Structures are given as C-alpha cells and as structure tokens.
Amino acid sequence: MQSDSQLPRSSKPIPLWRQFRFSLILFFVFLAVVPLGVVSFINISQQIEQAQNRVKEQLESIVELKTNQIALWLNQGVLALDIILSNSRFEQLIVTSVTAPRVMSDEQKDTLTTDIRSFVQSNPYFEQFTVYTLDGVIVLGSSPTDIGKLVTLQPYFQPSLAQREYTQPPFYDISTSQLTIIVTKQVHNSGGQVVAILAGKINLSVLGDIMTERTGLSDSGETYLVSRQNNYLLTPSRFAGYALQRAYRTEAINLGLQGRTGEGIYDNYQIPPQPVIGVYRWIPELEAALIAEVNQAEVLAGSRAAQVNNGLIALIVALTAAAGGLIYANRLSSPITQLTHSADQFSRGNLRERTHVSSRNEIGQLAQSFNSMATQVELRILETQAALERAERADYADKVKSAFLASMSHELRTPLNAVINFTRFVVDGDTGPVNEEQVELLSEVVKSATHLLNLINDVLDMSKIEAGALVLFVEENVDLTALLKSVMSTARSLIGGKPITLETEIASDLPRIRADRQRILQVLINIISNACKFTAKGTVKIIAKTVNNEVFISISDTGSGIEADDQHLVFLPFRQTKAGLRQGGGTGLGMPIAKNLIDSHNGRLWLESTLGQGTTFYISLPIKNEKLEPALS
Amino acid sequence: MIKHSRSLIAACLSAFVVLLSACAPTPPSLTSTSIQLSWEHTIEFSGFQMAEREGYYAEQGLVTELRPAFSAEGSITDAVDAVITGKADFGIASNDSLMKLQAAGAPVVAIAAIYQRSPNALMSLAESNITRPEDLKGKTITVSGTSRIYYLNSLLHNAGIDLADLNIVDRTDFSTDELTSGKVDALDTFITNEPAVLEEEGYAYNLIIYADYGVDGYVNVIFASQDTINKRPELVEAFLRATLKGYQAAVDDPEKAAALSVEYNSNLSYETELTNMLVSVPLLHPNGSQIGMMTSEIWDLGSQLMREAGELSDEFDVTRSYTLDFLNKIYNP
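Residues numbered from 1 in each chain as written. Chains lettered and ligands numbered in written order. Predicted model: local features only at pLDDT ≥ 70, side-chain atom pairs only at ≥ 80, totals over all residues. Heavy atoms only, no water.

What about the overall build of chain B?
Here comes step 1: The number of helices and strands found in chain B is 14 helices and 10 strands.
Here comes step 2: By the burial criterion, 52% of the 333 residues in chain B qualify as buried.
Here comes step 3: Residue pairs in contact within chain B that sit at least 24 positions apart in sequence constitute 80% of those at least 6 positions apart.
Here comes step 4: If you sum the accessible surface of chain B, you get close to 14,800 Å²; carbon and sulfur atoms cover 52% of it. (Helix = DSSP H or I, 4+ residues; strand = E, 2+ residues; numbered from the N terminus. Buried < 20%, exposed > 50% of the residue type's maximum accessible area, 1.4 Å probe, protein only. Contact = heavy atoms within 4.5 Å. Areas by Shrake-Rupley, 256 points an atom, 1.4 Å probe, with all protein chains shown as cover.)

What follows is the structure in structure tokens.
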C-alpha cells in the first residue's frame with residue numbers, strides 16, 4: 001500500500017500548456033494553418049505579381065501611346081512649317097526679304113509681318129516664328145523685337161543650316177529662361193538654294209496637355225517628362241508643390257535619361273518618396289525621359305481584399321482545427337483520464353476498480369492490460385492475505401500447543417514428583433516400617449514413575465524442537481572441563497559394578513565456549529548414559545580437545561555396537577535400534593533431541609560404530625559461535 | 001551560455017572598433033584659401049555658398065573664405081588687385097576687364113566661368129517702349145564702369161547706330177531708382193539681378209539682352225595668379241572641384257540655393273533670389289555644356305569685341321588668358 005503522500009501526483013491539476021489536449025489543439029491548428037498560409041502566400045504573391053504585370057503592361061501601352069502622341073505632335077510642327085512654305089507667294093516674299101530687302105516695299109513688309117502673325121494666331125502649336133539668314137540674323141519675326149537679333153550661339157543654329165528640317169530638343173532660352181523647343185525648315189530660292197531658315201518655337205503647353213491627360217491611368221497614376229537639362233521637369237507634376245526647375249533623380253529617371261527603356265518598382269520623386277510601379281522610356285526628340293507611374297499601394301489595394309479574405313479563411317480554418325483538435329483530444333484524452341482515474345483509485349487500495357475504456361485502439365489495449373494487471377494484482381494480494389491469515393492461525397495453534405505442553409508438563413510433572421517423592425518416603429521407612437517385598441514393589445513404582453517423568457521431559461523437548469519453540473539459554477564462557485567432570489561422575493554411578501574402565505583424555509587448554517550449559521550437559525549425559533547402558537565390560541572413554549576453531553569431543557565404548565543399517569535410525573525420533581530394543585528402556589527420543597541441540601549450537605553430532613565392538617559418538621562445537629541464537633530457528 | 005557568447009561578440013566588436021579607429025585616417029589639417037568676389041553675396045555666388053555650407057570645401061581639405069567686394073564702410077575691393085597682391089588666392093572678374101589687365105601685364109589666368117553666357121542687358125521701363133537697339137537713339141542710359149561700354153559699343157555698332165546719338169552717363173547709384181524716377185531711360189544690368197527687383201516692385205520692363213545680338217562674354221570668370229597655378233595646381237583643382245559641385249547643387253535645387261543666399265545676405269529677398277537663380281540656370285549650365293566650362297569661341301569673341309573697341313592690340317594672345325586644364329581634369333580625367 002502506498003502512503004498518501006506519494007499518491008497525489010496524478011491528482012494534481014496539470015498546467016494547460018502541458019496538457020495533452022493543448023498540444024493536440026496546437027498541433028491541429030499548426031497543421032491546418034501552415035499549409036493554408038503557404039498556399040495563401042503563394043496565391044497572394046501570384047496575385048500581386050499578376051496585378052503588377054497588368055499595371056506594367058498598362059503603363060507600357062500608355063507610354064507607347066504618349067510616345068506616339070509626342071511624335072505626332074512634333075511632326076505636326078514640321079508639317080505646319082511645310083504648309084507655311086507651301087504658300088509660294090509667302091515663300092517668295094521671304095526669299096526677297098532675305099536676298100534683297102531693299103527692293104521690298106513697306107507694303108510688302110507689312111503683309112509679310114501680318115502673315116507671320118496670323119500663322120501664329122491660327123496655329124496653336126507655335127508661340128513664335130522667326131526667319132533668319134544663313135548668318136544667323138533674324139530678318140523676320142512674329143515678334144518685331146526679335147528682328148536684328150543673332151541666333152549664331154543658339155544650339156539649333158548649326159543643325160538648322162545642315163538639315164532640311166530640324167527639331168531642336170528642349171534647351172534653355174536665355175532670354176526667357178524657359179525650356180524651349182524649336183523646329184526649323186530651310187527656305188529655298190527659285191534656284192533651289194537655301195537662303196534662309198524658318199524657325200518656329202513650339203508651344204510647350206500642348207506637350208503639358210498631352211502628358212497630364214490621364215486616360216487609362218488609375219487615381220495615383222501620372223505621366224511626365226524629365227528633361228536631360230539638369231534633370232528638370234519638362235512637363236509639370238500633377239501633384240502640387242513640385243517645381244519644374246529642380247533636379248529630380250529616381251531610378252526610372254536616371255535610367256530613362258541614360259537612354260534606356262524599361263520598367264521597375266522604385267521610390268518616385270515625391271516628398272516623401274512613394275513606392276511606385278513605373279515604366280520609363282527615352283524620347284530622343286525631346287532628350288527627355290518619359291515616365292509613367294502608378295502608386296504601388298493602389299496596385300496592391302486589389303490584392304489586399306484577397307489578403308483579407310485569406311486572413312478570414314485562415315481564421316475560420318484555425319478555429320475549426322482548434323475545435324476539431326479539442327474534440328479529438330477529448331476522444332483521446334478522456335479514456336486516458338478514465339484510465340488515470342482508475343489507476344489512481346486502484347493505487348488508493350480500491351482493488352475492485354476496473355476501467356471501462358471501450359476503445360479498440362492502443363489505449364483500449366492499454367486499458368485491457370491495466371484491467372488484467374489489476375486482476376492479477378488483486379488475486380496475488382488476496383492470496384497473500386489468505387496465506388497471512390493461515391500463518392496467523394498456525395501461529396495461534398502453535399501458541400496453544402506450547403501453552404498446552406507447558407501446562408501439561410507442569411500438570412504432569414507435579415503429580416509425578418509427588419508420586420516419586422512420597423513413594424521414596426515410604427520406601428525409606430519414614431512413614432513406618434516396610435518389609436522387603438514392599439520395598440521391592442515400591443522401588444519399582446519409583447523406577448516406573450521416574451521413567452515416565454523422563455519420557456514426559458523428552459516428549460516436551462521434542463515437541464518444542466519440532467515447533468521451533470526450543471529456547472537456548474546461551475552463556476558465555478561455558479567450562480567444558482567442569483561439565484565433562486560432572487559427566488564422568490554420572491558415568492561412574494551408571495557403571496555401577498560392571499567391569500568397565502572409565503578413561504578420560506581432556507586437553508588442558510580446552511577453551512571455554514559460548515553455549516547453553518544445561519543442554520550441552522544433557523547431550524553429554526545422554527550419550528554417556530547410552531555408552532554405560534550398552535557396555536557390559538571394557539572401556540568407556542571420553543576425549544576432549546581443540547581442533548582448529550572447534551572443540552572436539554568423542555565418547556567411545558566397547559559395547560554391543562550398532563548395525564550399519566540401524567545407524568541412521570539413531571537420530572530419528574521414536575525409533576530404536578535392535579540393540580536398544582533388546583536392552584529395553586529409553587524413549588527413543590534422547591539421541592534425536594541431542595542431535596537437534598548440537599545442530600542448534602551450530603555444531604555436529606555423528607557416530608561410528610561396529611557391531612559387537614563398540615560405538616563412538618563425536619561432537620564438534622564451534623568455540624566462538626557468534627551466530628548462536630537463543631532459540632532454534 | 002548565450003549571455004557568455006554575447007559578451008564575447010561584444011568584446012570582439014569593440015576590439016574591431018578600436019582597430020578600425022586606429023586605422024582610420026586622422027583628418028588632415030585643412031588648407032586655408034580665399035576668393036575675392038566681385039559683388040556682395042547674391043545668388044550669383046550660390047556655388048561658393050553651397051560649397052562652404054554643404055562642406056564641399058572641407059571634403060577637398062579646404063577652408064575657404066568668401067570675401068564680398070563691398071566692405072562695411074562701402075569701399076570696393078578689386079579682385080584682380082587682391083589676387084595679384086596675394087591677399088586672395090582666387091578672384092572673380094569679367095573676361096574683358098581680365099583681358100585688359102592681362103594685356104597690361106597682370107599675371108592672372110581664368111580657370112572657369114560662372115556664367116557661360118553673358119547676362120548683360122539694358123533694362124528700361126515698359127512705358128519707354130525700348131525693345132530693340134534702334135530704340136536707344138536719343139535716350140539717356142547709364143552704364144557702370146568702362147567694360148560695359150564695350151558691350152554697348154558693339155551692340156550699337158552692329159545695329160548701325162552711332163554712340164554719339166545716345167546720352168551715356170556713368171552709373172554711380174547701384175539701385176534702380178534712377179530708372180524708376182525717370183532720370184534715365186535705360187540702365188545696364190544683369191538679367192540675373194535687377195529685373196527681378198523691378199518686377200517685385202511692380203514695374204513692367206523691357207530688356208535688350210546683349211547676347212541676343214551676338215555680343216557675348218564671360219562676366220564672372222574665376223581666376224588665379226599664374227604663380228598659384230604653377231606652384232599649387234592641387235589647390236586650384238580642389239577649390240574648383242568643390243566650387244563646381246556647389247554650383248551643381250544650386251542648379252539641382254534652386255529653392256535651397258535662394259534660401260542660402262538670403263542667409264549670406266539678409267538684405268536679399270528669397271523670392272527675388274529664387275527668380276534670379278532660375279534665370280541663372282541657362283547661363284550656369286547651358287545646353288550640352290558642363291558647369292564652369294569655357295570655350296575658345298566666347299573668349300575669341302570677347303577679345304575681338306575688345307579689339308574692335310580699340311582696347312586690345314592685335315598682338316594680344318587670348319589663349320593665354322585662360323586655361324582649360326583644370327576643367328578638363330575635373331570633367332575628362
């Protein structure tokens with residue numbers, strides 16, 4: 001039986017995180033959510049990528065559109081100059097004003113100026129027209145203040161001389177401090193020679209209109225041009241606060257201005273920079289980078305809904321998995337809990353406790369094993385209890401027997417002693433005169449009573465020995481020499497008048513031993529009296545000496561001896577040898593008792609005998625004999 | 001264990017840092033240098049201001065003193081004088097005045113141009129209707145110093161107008177008061193300077209820009225003495241590198257440049273300086289050019305105009321007036 005202090009291990013509540021069901025729920029949730037998360041991640045990544053690709057494609061087509069619009073717009077400028085020069089009268093006037101200004105009438109000059117002004121007014125593509133000579137002197141212009149100016153240092157001057165038509169990419173005009181685009185066309189005289197250049201300054205607001213027109217662009221989208229000139233904006237940002245004349249540098253702008261075309265995800269020019277998806281293209285005619293951008297947040301907004309959906313699905317799956325985990329954990333853990341409860345009950349001593357787990361799985365198997373184990377344990381405990389009860393009962397019977405024997409010995413001996421003693425009184429004549437015949441008869445009574453008393457004592461001893469109830473009164477320093485002398489005197493009286501020589505050979509250094517003096521004496525007297533009894537003539541000899549750690553005593557006689565077949569009977573109770581039977585007398589218990597007493601002293605008793613020649617009994621007793629216990633085991 | 005290894009890492013790191021700091025170059029002592037400006041602090045010198053404030057001079061191991069031309073007492077320091085006498089390592093002057101002094105034996109050489117096109121112009125109120133050189137006939141105009149007379153000479157000459165047809169007076173008042181009060185019909189100016197002031201005051205104006213009529217030149221070249229160029233080319237290069245970087249920064253961010261100029265000269269207004277900076281951009285960084293770059297074309301034109309005005313002899317070798325060595329070293333290493 002376990003003590004209570006050892007029990008409660010299973011009774012204490014287990015912390016949640018160590019509980020089987022907790023880890024199972026966790027496991028289920030993990031099992032459900034992780035693959036879902038991975039799938040969602042891949043799904044969302046793909047969606048984002050698709051959305052980005054869609055936007056990139058869209059931006060690319062917008063860039064393509066804008067590029068075409070720009071080309072068209074620039075081409076329209078050249079076409080406009082063609083139209084102007086297709087008017088042969090006007091071309092002739094120009095040629096005349098260059099080659100022979102002096103022959104022109106004031107009227108002609110006025111007409112020319114009016115014509116040029118009307119072109120500007122009718123053609124929104126141009127802000128200004130000038131006609132300059134091959135020396136770079138402006139001879140005609142929509143603005144009279146231009147006449148007389150030199151264009152030799154202007155970037156378009158040399159190319160305009162070399163090319164029939166030329167479009168000057170944006171440059172800073174010193175007098176206006178504005179980025180300016182000039183389209184030039186050579187003017188030929190009737191001989192086909194170039195005599196002047198017609199130059200038109202393009203109205204950039206149209207370009208601005210093209211770029212800020214946002215067809216096909218989402219809310220955050222914009223297109224703009226960044227000039228190679230100082231990385232300034234050629235067309236304004238659609239957002240407020242971004243000056244045209246400031247250097248803007250982003251990945252797209254830098255790559256675009258290096259003449260590259262491409263797309264990317266990068267931070268744009270805004271303050272603070274916005275992550276955008278952008279497409280850039282180098283527009284050589286404008287020496288500018290055309291950028292189309294859409295804020296990435298807007299692109300991702302679509303997939304954000306998917307993200308929210310996925311999150312919700314993940315949540316539902318996680319909850320379902322948790323519930324499933326809980327149910328499954330309960331299914332698994334409830335038999336375990338039941339089993340634990342049964343084991344607990346069983347360990348508290350409820351041996352009839354059996355678990356009722358019915359599952360057919362391993363836990364069911366465990367429960368069955370537990371039940372059969374419990375049955376086995378119960379059986380063993382019941383058997384043990386029965387054995388204990390039997391032992392208790394036997395113990396009781398033994399006690400009763402001992403008590404009986406003790407009382408019997410007392411009850412038997414007391415009257416016997418009275419019989420013996422009073423008879424002796426009578427024999428001795430203390431009670432009055434007795435005759436010979438009476439003495440003889442009464443002596444026989446004493447003899448028989450004494451025999452009975454001895455018989456009773458032997459039976460008592462034997463029964464005690466058999467019941468294991470014999471108690472030794474162990475003394476230290478038992479003097480064997482003295483004991484042997486006492487035995488010798490007993491022997492002398494037993495020999496009586498028979499022709500027997502009594503010899504002793506007792507070593508002078510015989511040690512004192514640890515033993516029950518009375519019992520050793522009893523053994524010695526028993527043997528010596530047998531020797532005297534069965535010897536008619538000859539010698540009875542006692543030898544005592546020390547051999548190793550033992551005292552060795554031999555008592556030999558020259559009596560009748562014991563047949564070899566009978567020798568083993570000597571030490572068995574109630575058995576007598578043939579010689580013994582012939583001799584008569586004795587209880588047949590003396591030698592068995594002697595053997596048991598010597599055995600209980602951890603010694604040995606044995607005999608050697610030859611029929612007709614004599615018998616020798618040997619006793620060996622340990623000197624120290626520390627193991628000697630007061631009772632027979 | 002973790003704690004132990006952390007402290008081990010920390011120990012290793014600190015040892016590494018100690019090693020690093022032992023290896024790190026100690027900052028070299030900075031070289032002092034100076035530039036004599038040709039005017040008070042304005043946006044015209046934004047490159048120098050930027051270079052100083054943004055630490056570009058320090059990057060080049062320099063401490064540069066920027067000296068405005070006008071002292072607190074109102075005296076004017078001549079940059080060429082200052083450089084020749086060794087009071088300043090660098091100076092700013094117009095190419096014509098520099099050539100005139102070089103012809104007289106001044107050992108100075110131009111190393112870069114701030115404005116690569118001339119900002120010189122004649123400014124008049126719109127009501128005067130002076131829009132072309134021809135309109136100047138019979139008008140009273142005021143010009144400062146002799147050098148701008150060459151410009152006027154050339155302009156009028158090209159337009160076929162006699163200088164005698166104009167009433168020319170020396171400009172002594174550097175405000176626009178004479179114009180607005182009607183005392184003069186036109187005055188000479190930089191398009192990068194006074195037009196914005198007039199505009200801010202609410203006047204409409206006309207400009208005759210010399211460069212439009214082929215009269216061009218460098219009004220503010222950076223120069224050094226021949227001695228400095230010969231003996232301390234590394235100083236010249238370092239100074240120029242930082243200064244050009246300063247001008248690039250100003251072009252990149254005109255608003256910042258304007259704000260900085262106002263910090264250097266509290267008499268300026270931010271709006272005016274911003275306008276002037278935007279006007280300066282095409283001069284500082286014209287189409288297809290590098291900041292600070294000079295061309296033989298403009299130097300030749302300048303010397304030619306001077307010869308036409310009789311200010312330079314035919315023997316004057318304009319190629320010795322300037323050197324492109326430093327610019328080429330910086331831009332085409």
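Section: the overall build of chain A
Here comes step 1: Helix and strand counts for chain A stand at 13 helices and 16 strands.
Here comes step 2: A burial count over chain A gives 42% of its 633 residues as buried.
Here comes step 3: Considering only contacts within chain A whose residues lie at least 6 apart along the sequence, 62% involve residues at least 24 apart.
Here comes step 4: When the accessible surface of chain A is summed, it comes to about 33,900 Å², and 55% of that surface belongs to carbon and sulfur atoms.

A few points about the confidence of the model for chain A
Here comes step 1: The predicted model of chain A averages 84 in pLDDT, with 95% of residues at 70 or higher.
Here comes step 2: Low confidence marks residues 1-10 of chain A, where pLDDT is under 50. Its contacts with residues over four positions away, or in another chain, come to 8 contacts. (pLDDT = per-residue confidence, 0-100.)

Concerning the packing of aromatic side chains
Here comes step 1: All told, the structure shown has 23 aromatic pairs over all chains when counted by the stated rule.
Here comes step 2: Relative to Tyr 269 of chain A, the ring of Tyr 242 of chain A has its centre 5.3 Å away and its plane inclined at 85 degrees; by these criteria the two rings are edge-to-face. Note that Tyr 242 of chain A is positioned in the loop between β6 (222-227) and α6 (251-257) and Tyr 269 of chain A in the loop between β7 (262-267) and β8 (275-283), a separation of 27 residues in sequence. An identical accessibility class is assigned to Tyr 242 of chain A and Tyr 269 of chain A; each is buried.
Here comes step 3: Among the aromatic residues, those joined into a cluster by ring pairs are Phe 45, Phe 48, Tyr 57, Phe 90, Phe 239 and Tyr 247 of chain B.
Here comes step 4: One cation-aromatic arrangement involves Lys 595 of chain A over Phe 571 of chain A; the distance from NZ or CZ to the ring centre is 5.7 Å. (Phe/Tyr/Trp six-rings, centres within 6.5 Å; stacked < 30°, edge-to-face > 60°. Lys NZ or Arg CZ within 6 Å of the ring centre and 35° of its normal.)

A few points about the packing of helix α11 (residues 254-264) of chain B against helix α12 (residues 270-284) of chain B
Residue and element names in this part refer to chain B.
Here comes step 1: At a closest axis distance of 8 Å, the pairing of α11 and α12 adopts a crossing angle of 130 degrees. Compared by their axis directions, α11 and α12 come out oblique. The two elements α11 and α12 meet at a crossing, and its hand is right-handed. Listed contacts from α12 to Pro 254, Glu 255, Ala 257, Ala 258, Ala 259, Ser 261 and Val 262 of α11 are Tyr 270, Glu 273, Leu 274, Met 277 and Leu 278.
Here comes step 2: Of the residues that constitute the contact of α11 with α12, the class distribution is 9 nonpolar, 1 polar and 2 charged. (Axes fitted to C-alpha atoms, helices over the stretch in contact; angles between N-to-C directions. Parallel < 35°, antiparallel > 145°, perpendicular 65-115°, else oblique. Left-handed = near helix turned anticlockwise from the far one by under 90°. Nonpolar A, V, L, I, M, F, W, Y, C, P; charged D, E, K, R; others polar.)

A word on the sheet that holds β8 of chain A
All names here are of chain A.
Here comes step 1: In spatial order, the strands read β6-β9-β8-β7; together these 4 strands make up an open sheet with antiparallel pairing. Each having just a single partner strand, β6 and β7 make up the two edges of the open sheet. Taken pair by pair, the neighbouring strands of this sheet meet at an average axis angle of 30 degrees, ignoring direction.
Here comes step 2: Two elements, β7 and β8, share 6 bridges in a ladder whose sense is antiparallel. The residue bridging Glu 263 from the neighbouring strand is Val 279, located in β8.
Here comes step 3: The sheet contacts of helix α7 (residues 296-347) involve β7, β8 and β9 (288-295), and relative to β9 the element is tilted by about 35 degrees. (Pairing = 2+ DSSP bridges.)

A short note on the environment of Gly 614 of chain A
Residues and elements named next belong to chain A.
Here comes step 1: Checked against the element boundaries, Gly 614 lands in strand β16 (residues 614-622).
Here comes step 2: Overall, Gly 614 belongs to the buried group, its relative accessible area being 10%.
Here comes step 3: The residues touching Gly 614, leaving out its near neighbours within four places in the chain, are Asp 557, Thr 558, Gly 559, Gly 561, Glu 608 and Ser 609.

A few points about the interface of chain A and chain B
Here comes step 1: Counting from both sides, the interface comprises 24 residues of chain A and, opposite them, 25 residues of chain B.
Here comes step 2: Summing the contributions of chain A and of chain B, the shared interface buries around 2,200 Å²; its carbon and sulfur component is 52%.
Here comes step 3: Considering only the surface of chain A that becomes buried against chain B, Leu 153, Ile 174 and Asn 230 of chain A emerge as the three largest contributors, covering 30% of it.
Here comes step 4: Here chain A and chain B share 4 salt bridges between them.
Here comes step 5: A salt bridge links Asp 253 of chain B to Arg 246 of chain A, with the shortest nitrogen-to-oxygen separation between them at 3.9 Å.
Here comes step 6: At the surface where chain A touches chain B, the tally comes to 9 residue pairs in polar contact (both at pLDDT 80 or more).
Here comes step 7: Looking at side-chain class alone, the side of chain A that touches chain B contains 12 nonpolar, 8 polar and 4 charged residues. (Buried area = accessible area lost by both parts, 1.4 Å probe. Salt bridge = Lys/Arg side-chain N within 4 Å of Asp/Glu carboxyl O. Polar contact = N/O pair within 3.5 Å; in protein donor to acceptor, adjacent residues only side chain to side chain.)

Thoughts on the pattern of salt bridges
All names here are of chain A.
Here comes step 1: Scanning the entire structure with this criterion turns up 33 salt bridges over all chains.
Here comes step 2: Among the ionic pairs, Glu 263 bridges to Lys 56, the shortest N-O distance being 3.4 Å. Taken as a pair, Glu 263 in strand β7 and Lys 56 in helix α1 (residues 20-86) lie far apart in primary sequence, 207 residues in all.
Here comes step 3: In this structure Lys 56 comes out as buried when scored by relative accessible area, which is 13%.

A look at the sheet that holds strand β11 (residues 500-506) of chain A
Either a parallel or an antiparallel arrangement is found when strands of a sheet pair, and the pairing is made through backbone hydrogen bonds.
All names here are of chain A.
Here comes step 1: Reading across the sheet, the 5 strands line up as β11-β13-β14-β16-β15 and stay open at both edges, with mixed pairing between neighbours. Strands with a single pairing partner mark the edges of an open sheet, and in this sheet they are β11 and β15 (604-610). Here the strands of the sheet are splayed against their neighbours by 10 degrees on average, with no regard to which way each runs.
Here comes step 2: With 8 bridges connecting them, strand β13 (residues 538-547) and strand β14 (residues 550-557) associate as antiparallel partners. Bridge pairing in β14 links Val 547 to Glu 550.
Here comes step 3: Lying over the sheet, helix α11 (residues 517-534) contacts β13, β14, β15 and β16, oriented at roughly 25 degrees with respect to β14.
Here comes step 4: Relative to the sheet, helix α13 (residues 590-600) contacts β15 and β16, its axis offset from that of β15 by approximately 135 degrees.

Details of the nonpolar core
Here comes step 1: Membership of the largest hydrophobic core comes to 148 residues, with the highest contact counts inside it found for Trp 73, Ile 94, Leu 225 and Leu 286 of chain A together with Phe 48, Ile 222 and Trp 299 of chain B.
Here comes step 2: Counting residues per element, this core draws most heavily on α1 of chain A, at 13 residues.
Here comes step 3: Structurally, this core is a two-domain feature, drawing no fewer than three residues from each of domain 1 (31-116 + 218-331) and domain 2 (120-213) of chain B.
Here comes step 4: Other than its neighbours up to four places away in sequence, Leu 286 of chain A contacts Ile 70, Trp 73, Leu 74, Pro 169, Pro 170, Ile 181, Leu 207, Leu 225 and Leu 234 of chain A.
Here comes step 5: Leu 470, Leu 484, Ile 513 and Ile 520 of chain A belong to the second-largest nonpolar core, a separate cluster that totals 46 residues. (Core = buried A, V, L, I, M, F, W, Y, C linked by side-chain atoms within 4.5 Å. Domains from an automatic or database assignment.)

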